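Given next are the chains, with one letter for each unit.
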Amino acid sequence: MRHAGGILVVLLMLAAGAVSALAEPVLIVEYHPDPCREIAKAGRDKTATIGKVTISYEPVYYAACERVRTSIVDSIKARADQLRDDLETELQSRVAPIYDGFLKWLSLAVYDSLPEADKARIKPEEHFQEWLQHPDQELATYVNFYMTEHLPLVMQALERYQNDSSREIVDGLRALWESGRKKLEALDKAYDDLQEAAPETPYTDILIKHGLSGEGIERLKHYEGQFDLLDKNYNIIDTARTIHGAFTAETYSGRLEGMFTLMEKFGGYLSDTNVPGVSLMGTLIEAYGQMAKEVLARANELEQLIRAREGFCIGADTHTLLNDRSKALAALVGDGVQACPLDEKAPLLSDIYVQTDPNDTNQLYFWATDAFVKGREGGGGEAGLRRVRDFIREAAAIGFAEYVGKDADMKTIVAVYNTPYGPEHYLADLPGHRPSPGLPGLVAEADAVIDAIVRRIGELRDHLRLDESCGDDPFARLIEAETGLRLSAFPLDDRDAQAKLKTSYALGFIQSHASWAGSGRTEAYQRYHTVWEGLKFLSLVRVEGQLLDKARSDSACEKCASAAITLSVSEGAEMPGCRVSAAGFRLPTGWVVSLRGS
């Protein structure tokens, strides 16, 4: 048993046997300190300032030590028969003394644990390789013991590697910080220049002057979500990659690969809260995050200034060529089309664009989540949009719950604006109606159909001169039989109710052709469409006559009162309840029949 600076080593030897059946020696090492913590202390007083944050080299020293320790263990596990060859080439020249010294020490320690009789029967190298197949403890335990026991030698061997690694990482982090600072300065100068520039000055000239581009500004916006994550709990390597992607990917491409390679190899030790000095890394990450957000805010301000000069338009030659909306517009209608928002400051209207080049104020484009929907040709442009929103409010007002509050819902607006009503749906023979496509045409048809039904019912009733013997009830039964319209439920004299029916008629068409704009309650369109088709060629005829006295051919037969009469009609039908079966005594008798024709 041997004590060394708090390290306890116990060598336990069992009885010896033949070489072919050697007693199993046991090599047990107990230790308490972490050698990398001791070694990392050498970097505690070495500091570097990045921006306004000062960090210690201590966590980098620790990470470098940990990498060496892990590499030694992994190399022994990987190829026990070629111990030197599988150590990483990059580390061989730097830590060979540690590696060679450890192997020599461990080999001898394992061999020394054998009884003297067995030592003569097996070579040290053979026994060591057999032992490595089933070591008594984790190999890391022996590495830790060796590094602690030989701390001065290990620190000397690691010093250059730790210094080089720290310098590589710190230089890279400084370069990232400087790139962000320069980007912020460039954005500030470009913003100031653009504010002072004459309206006709191309903004691209100003951007180029300061090393900027519209595409670069747009790319920054895609990092907004990642910038929001940069706080003290984020890890340094992901922070560095985010800043690199946002600020230096174009200009530094390969210059920072050394830093990233090192940071990847150091694993999570640069962000592990148990590693000494890592808290300062968290402060640095927060500083990066704050700077990145300032850059993004200035980039957004500059873009808004540029877009204001362009009328917030997209497509064609505007600087937003790589903007998601510009790309979506080009994918929909091709290059060369420019569109501008109806009102860039209004929540809904900023997402609805009117075509400005080639100029067509009737052509709208609707931004729906992540793609544009083209408004139908002849949709009426901004005026048509106002009519659509009014119509949606009317639908909500008459009890269509699915339209309540949807006058600002893009999907509902698009469905109504793009209703496919067109020539194939036009009704012929609507008095005074001139068909036209789209919602305006559909609403006009709805008005014309309901008005025509009201007017035609009135004409038929007035023409019949209904009386006590043939009144409203038989008339209503006839209309229902011929057209399906129940007059008791139809608002012949209620203008407000008629207005609601007109809205229901148009909604019925829209909902039957666009299920995601509302479902159900589509019957009004088909019902009143059918009613009108039944009414427009319907004629009601009141047949009146007298029975004549044969002896007095020019006068009525006064003796024929209540005489049985048999009448029939072809190409028509009697109005139920108005059949005449006997002659009247004094007044003419009326008989109503319905006729159809074109």
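This write-up is about the structure you can find in this document. (Residues numbered from 1 in each chain as written. Predicted model: local features only at pLDDT ≥ 70, side-chain atom pairs only at ≥ 80, totals over all residues. Heavy atoms only, no water.)

So, the overall build of the chain
For the chain, the count of helices and strands is 20 helices and 13 strands. Taken over 598 residues, the chain has a buried fraction of 47%. Across the chain, contacts joining residues at least 24 apart in sequence account for 61% of those joining residues at least 6 apart. (Helix = DSSP H or I, 4+ residues; strand = E, 2+ residues; numbered from the N terminus. Buried < 20%, exposed > 50% of the residue type's maximum accessible area, 1.4 Å probe, protein only. Contact = heavy atoms within 4.5 Å.)

Regarding the nonpolar core
Of all hydrophobic cores here, the largest spans 93 residues; its most connected members are Phe-102, Leu-173 and Leu-302. When residues of this core are assigned to their parent elements, the largest contribution, 17 residues, is made by helix 7 (residues 151-196). With residues up to four places along the chain from it excluded, the contact list for Leu-302 reads Leu-187, Ala-190, Tyr-191, Leu-194, Leu-207, Leu-212 and Ile-217. If you look at the next biggest cluster of nonpolar residues, it comprises 60 residues, including Val-443, Ala-452, Cys-470 and Ala-524. (Core = buried A, V, L, I, M, F, W, Y, C linked by side-chain atoms within 4.5 Å.)

Description of the pattern of salt bridges
Scanning all chains against the criterion turns up 26 salt bridges. In this structure, the salt-bridge partner of Arg-298 is Asp-188, at a minimum N-O distance of 2.7 Å. Here Arg-298 is found in helix 13 (residues 278-309), whereas its partner Asp-188 is found in helix 7, with 110 residues between them in sequence. We classify Arg-298 as partly exposed; its relative accessible area is 22%. Across the salt bridge formed by Glu-382 and Arg-386, the nearest N and O atoms sit 4.0 Å from each other. (Salt bridge = Lys/Arg side-chain N within 4 Å of Asp/Glu carboxyl O.)

Observations regarding unusual backbone geometry
Cis geometry is adopted by the peptide bond preceding Pro-358, which originates at Asp-357 and carries an omega value of -10°. On the secondary structure map, Pro-358 appears in the loop between strand 8 (352-357) and strand 9 (359-368). Positive phi, normally seen in glycine, also occurs at Thr-369, with a value near 70°. A positive phi angle, near 65°, is found at Asp-429, a position not held by glycine. Along the polypeptide, Asp-429 turns up in the loop between helix 16 (410-417) and helix 17 (438-464).

Side note on the packing of aromatic side chains
Tallied over the full model, the rule gives 19 aromatic pairs. A centroid spacing of 4.8 Å and a plane angle of 65° characterise the contact between Trp-367 and Phe-372, whose relative ring orientation is edge-to-face. Across this residue pair, the class does not change: Trp-367 and Phe-372 are buried. With 5.2 Å between their ring centres and 70° between their planes, Phe-509 and Tyr-525 make a pair best called edge-to-face. On the criterion of sequence distance, the pair formed by Phe-509 in helix 19 (residues 495-513) and Tyr-525 in helix 20 (residues 523-535) is long-range, its members being 16 residues apart. Taken together, the ring pairs in this structure connect Tyr-421, Tyr-426, Tyr-505, Phe-509 and Tyr-525 into an aromatic cluster. Taking the ring centre of Phe-260 as reference, the NZ or CZ of Arg-241 above it sits at 4.2 Å. Cation over ring: Arg-298 sits above Tyr-191, and NZ or CZ is 4.8 Å from the ring centre. (Phe/Tyr/Trp six-rings, centres within 6.5 Å; stacked < 30°, edge-to-face > 60°. Lys NZ or Arg CZ within 6 Å of the ring centre and 35° of its normal.)

Some words on the sheet that holds strand 9
A sheet is described by the order of its strands in space; here 5 strands give the open sequence 6-7-8-9-10, paired in antiparallel fashion. The open sheet has two free edges, formed respectively by strand 6 (314-315) and strand 10 (371-374), since each of these has just one partner strand. With 5 bridges connecting them, strand 8 and strand 9 associate as antiparallel partners. Note on strand 9: the bridge partner recorded for Ile-352 is Phe-366. Lying over the sheet, helix 15 (residues 381-397) contacts strand 8 and strand 9, oriented at roughly 50° with respect to strand 9. (Pairing = 2+ DSSP bridges. Axes fitted to C-alpha atoms, helices over the stretch in contact; angles between N-to-C directions.)

A closer look at the packing of helix 19 against helix 20
Two numbers describe how helix 19 lies on helix 20: the axes approach to 6 Å, and their chain directions differ by 110°. In terms of orientation, helix 19 and helix 20 fall into the roughly perpendicular class. For the pair helix 19 and helix 20, contact is made by Leu-501, Ser-504, Tyr-505, Gly-508 and Phe-509 and by Ala-524, Tyr-525, Tyr-528 and His-529, respectively. Of the residues contributing to the contact of helix 19 with helix 20, the split by class is 6 nonpolar, 3 polar and no charged. (Parallel < 35°, antiparallel > 145°, perpendicular 65-115°, else oblique. Nonpolar A, V, L, I, M, F, W, Y, C, P; charged D, E, K, R; others polar.)

Here's the deal with the environment of Asp-100
With respect to the helices and strands, Asp-100 occurs in helix 3 (residues 89-112). Classification of Asp-100 as partly exposed rests on a relative accessible area of 33%. Between the C-alpha atoms of Asp-100 and Ile-72, which are 28 residues apart in sequence, the distance is 10.0 Å.

Description of helix 17
For helix 17, with 27 residues, the first-to-last C-alpha span of 39 Å sits near the 39 Å given by 1.5 Å per residue. Just downstream of helix 17, Arg-465 is the residue with a positive phi angle, here 50°. (Expected span 1.5 Å × (residues − 1).)

Focus on the side chain of Ser-326
Looking at the secondary structure, you find Ser-326 in helix 14 (residues 324-333). Exposure remark for Ser-326: the relative accessible area of 3% places this residue in the buried category. Separated by 3.0 Å, the side chain of Ser-326 and the backbone nitrogen of Gly-315 make a polar contact. (Polar contact = N/O pair within 3.5 Å; in protein donor to acceptor, adjacent residues only side chain to side chain.)

Some words on the pairing of strand 9
Hairpin connection from strand 8 to strand 9: 1 residue lie between these consecutive antiparallel strands. The turn joining strand 9 and strand 10, which pair antiparallel and follow one another in sequence, is formed by 2 residues; a positive phi near 70° is taken by Thr-369.

So, the state of the cysteines
Going through the model one piece at a time under the given rule, you end up with 2 disulfides. In this model, Cys-36 is linked to Cys-65 through a disulfide, with the two sulfur atoms separated by 2.2 Å. Handedness of the Cys-36-Cys-65 disulfide follows from its S-S torsion of about -80°: it is left-handed. Of the two residues, Cys-36 is situated in helix 1 (residues 35-40) and Cys-65 in helix 2 (residues 58-78); the sequence distance between them amounts to 29 residues. Residues Cys-36 and Cys-65 agree in their burial class; the two are buried. The disulfide bridge from Cys-313 ends at Cys-340, spanning 1.8 Å between sulfur atoms. An S-S torsion of about 95° defines the bridge between Cys-313 and Cys-340 as right-handed. Placement of Cys-313 in the loop between helix 13 and strand 6 and of Cys-340 in strand 7 (residues 338-341) is noted, with a sequence separation of 27 residues between them. No difference in accessibility class separates Cys-313 from Cys-340, as the two residues are buried. (Disulfide = S-S within 2.5 Å.)

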